[in-house]
Amino acid sequence: SILVSPAAGSLASYVVTRAETQKCSDFWIYLETGKSPQELAVAGRVSQPAENLPSPEDRESAAALVRRNKYGDVVE
């Protein structure tokens, strides 16, 4: 009984902290992209038609102009 109480409290604290951290991460993604993580996941599953995809030459020239990280920030 004496050991169960601290263990239960630690587990509850971990669960709450994990949930709050996820909410903060989701909010940060929303601030950066203007879309919720759920909207981004749905948009990521929808593929572009082949005719709208850039050619390898277009990708190389665009990459030479501006480099971006996975969050869309411009990297020098």
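> I tried to follow the overall build of the chain on my own but got confused; where do I start?
Helix and strand content of the chain: 3 helices and 2 strands. Mapped in sequence order, the helices and strands of the chain form the string α-α-α-β-β. When each of the 76 residues of the chain is scored for burial, the buried share is 0%. Just so you have it, the chain exposes about 6900 Å², and 61% of that area is on carbon and sulfur atoms.

> Looking at this model, I keep getting lost on the environment of tyrosine 30. Mind explaining?
On the secondary structure map, tyrosine 30 appears in helix H1 (residues 4–33). Residues within four places of tyrosine 30 in sequence aside, it is in contact with Lys35 and Ser36.

> Sorry if this is basic, but what is going on with the confidence of the model for the chain here?
Low-pLDDT portions of the prediction should not be read for the details of their coordinates. Residue-level pLDDT values for the chain average 80, and 75% of them are 70 or greater. H1 holds the highest mean pLDDT among the elements of the chain, 93, whereas helix H3 (residues 56–65) holds the lowest, 59.

> I would appreciate a short explanation of a nonpolar patch on the surface in the present structure.
Taken together, the side chains of Phe27, Trp28, Tyr30 and Leu31 define a hydrophobic patch exposed on the protein surface, amounting to about 490 Å² of accessible area. The residue tryptophan 28 is located in helix H1 in this model. A relative accessible area of 55% places tryptophan 28 in the exposed class.

> Whenever I open this one, the environment of threonine 33 confuses me. Can you help?
Locating threonine 33 in the fold gives a position in helix H1. Looking at threonine 33, the relative accessible area reads 37%, which means it is partly exposed. Along the backbone, threonine 33 and glycine 72 are 39 residues apart, and their C-alpha atoms lie at a distance of 8.4 Å. One polar contact links the side chain of threonine 33 to the main-chain carbonyl oxygen of lysine 35, over a distance of 3.1 Å.

Definitions and limits used
- Residues numbered from 1 in each chain as written.
- Predicted model: local features only at pLDDT ≥ 70, side-chain atom pairs only at ≥ 80, totals over all residues.
- Heavy atoms only, no water.
- Helix = DSSP H or I, 4+ residues; strand = E, 2+ residues; numbered from the N terminus.
- Buried < 20%, exposed > 50% of the residue type's maximum accessible area, 1.4 Å probe, protein only.
- Areas by Shrake-Rupley, 256 points an atom, 1.4 Å probe, with all protein chains shown as cover.
- Contact = heavy atoms within 4.5 Å.
- pLDDT = per-residue confidence, 0-100.
- Patch = residues over 30% accessible without salt bridge, like charges linked within 9 Å, V, L, I, M, F, W, Y side chains within 5 Å.
- Salt bridge = Lys/Arg side-chain N within 4 Å of Asp/Glu carboxyl O.
- Polar contact = N/O pair within 3.5 Å; in protein donor to acceptor, adjacent residues only side chain to side chain.

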